Amino acid sequence: MKDLIYHFINQQKLAVVSTVNSENKPEAALVGIAVSEKFEIIFDTVTTSRKYSNILQNPKVALVIGWDNETTVQYEGEAVVLGDDAGAQGLKEIYFEAYPDGRERAETWPGLVHIKVTPKWLRYSNFNEPVVIEEMVF
């Protein structure tokens, strides 16, 4: 089942990420995603975005990945801003494979950063026949 869930996420290009602002109010944004084999989600954003500020103050985030054909992944995890170390570069390369134009954005957009979300819990739901619902705790 892990392989099925990984391949499902890997086929998705977009997700909705939810963060909480300093007033404990939820905020959501659509982001382009890539996924590592460890189920880490990688996306980019700019340092002027609400999600960036929210992640700095509270790294707990939730994502919804996929919604076509009644199949989705609910995902909860912790987000960090990636630095320039070797591990971060490897994750950025995963993102650049999914979004080749991301490399140019990283070089030219002021304040662009990459975020890694480490999974804590996810639920894969496919409501087609036969219905499949699987949870993973990390």
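What this report covers is the structure whose coordinates are included nearby. (Residues numbered from 1 in each chain as written. Predicted model: local features only at pLDDT ≥ 70, side-chain atom pairs only at ≥ 80, totals over all residues. Heavy atoms only, no water.)

### What about the overall build of the protein?
Working step 1: Counting its secondary structure elements, the protein contains four helices and eight strands.
Working step 2: When the helices and strands of the protein are listed from N to C terminus, the series reads α-β-β-β-β-α-β-β-α-α-β-β.
Working step 3: For the protein, whose C-alpha radius of gyration is 15 Å, the value lies close to the compact-globule estimate of 14 Å for 138 residues.
Working step 4: Principal-axis analysis of the C-alpha atoms places the extent of the protein at approximately 50 × 35 × 25 Å.
Working step 5: Residues counted as buried form 43% of the 138 residues belonging to the protein.
Working step 6: For the protein, long-range pairs separated by at least 24 residues make up 61% of all intrachain contacts whose partners lie at least 6 apart in sequence. (Helix = DSSP H or I, 4+ residues; strand = E, 2+ residues; numbered from the N terminus. Rg over C-alpha atoms; globule rule 2.2 N^0.38 Å. Buried < 20%, exposed > 50% of the residue type's maximum accessible area, 1.4 Å probe, protein only. Contact = heavy atoms within 4.5 Å.)

### Describing the side chain of H114
Working step 1: With respect to the secondary-structure elements, H114 resides in strand β7 (residues 112–126).
Working step 2: With near-sequence residues (within four places) excluded, H114 lies in contact with F43, D44, V80, V81, L82, K92, Y95, F96 and A106.

### Thoughts on helix α1 (residues 2–11)
Working step 1: Within α1 the residues assigned to the buried category are I5, Y6, F8 and I9. Axial view of α1: buried residues confined to an arc of 160°, hence all on one face. Across from the buried face of α1, at angles greater than 90 degrees, the exposed residues are D3 and Q11.
Working step 2: Buried residues along α1 sit in contact with β3 (34–35), β4 (41–46), β5 (60–65), β6 (71–81), β7 and β8 (132–137). (Arc of directions from axis to C-beta.)

### Things to note about the packing of aromatic side chains
Working step 1: All told, the structure shown has five aromatic pairs when counted by the stated rule.
Working step 2: Ring centres of Y6 and F39 lie 6.2 Å apart, and the angle between their planes is 85°; this geometry places the pair in the edge-to-face category. Here F39 lies in the loop between β3 and β4 and Y6 lies in helix α1, a separation of 33 residues in the sequence. Residues Y6 and F39 agree in their burial class; the two are buried.
Working step 3: On the numbers, 6.2 Å between centres and 70° between planes, the contact of Y95 with F96 is edge-to-face. You'll find Y95 and F96 in the same group, each marked buried. (Phe/Tyr/Trp six-rings, centres within 6.5 Å; stacked < 30°, edge-to-face > 60°.)

### Concerning the side chain of N126
Working step 1: Topologically, N126 is positioned in strand β7.
Working step 2: Owing to a relative accessible area of 17%, N126 belongs among the buried residues under this scheme.
Working step 3: Polar contacts involving the side chain of N126 include one to the side chain of N128, which spans 2.8 Å.
Working step 4: Those residues within four positions of N126 in sequence are excluded, and the remaining contacts are E70, T71, V131 and V132. (Polar contact = N/O pair within 3.5 Å; in protein donor to acceptor, adjacent residues only side chain to side chain.)

### Structural notes on the environment of I5
Working step 1: Following the sequence through the fold, I5 ends up in helix α1.
Working step 2: Sequence separation between I5 and A79 is 74 residues, and the spatial gap between their C-alpha atoms is 20 Å.
Working step 3: When near neighbours in sequence (up to four residues on either side) are disregarded, I5 contacts F39, V73, L122, Y124, E134 and M136.

### Some words on a nonpolar patch on the surface
Working step 1: A surface patch of nonpolar side chains, amounting to about 380 Å² of accessible area, comprises L14, L30, V64 and W67.
Working step 2: Its place among the elements puts V64 in strand β5.
Working step 3: Its relative accessible area of 36% is what places V64 among the partly exposed residues. (Patch = residues over 30% accessible without salt bridge, like charges linked within 9 Å, V, L, I, M, F, W, Y side chains within 5 Å. Areas by Shrake-Rupley, 256 points an atom, 1.4 Å probe, with all protein chains shown as cover. Salt bridge = Lys/Arg side-chain N within 4 Å of Asp/Glu carboxyl O.)

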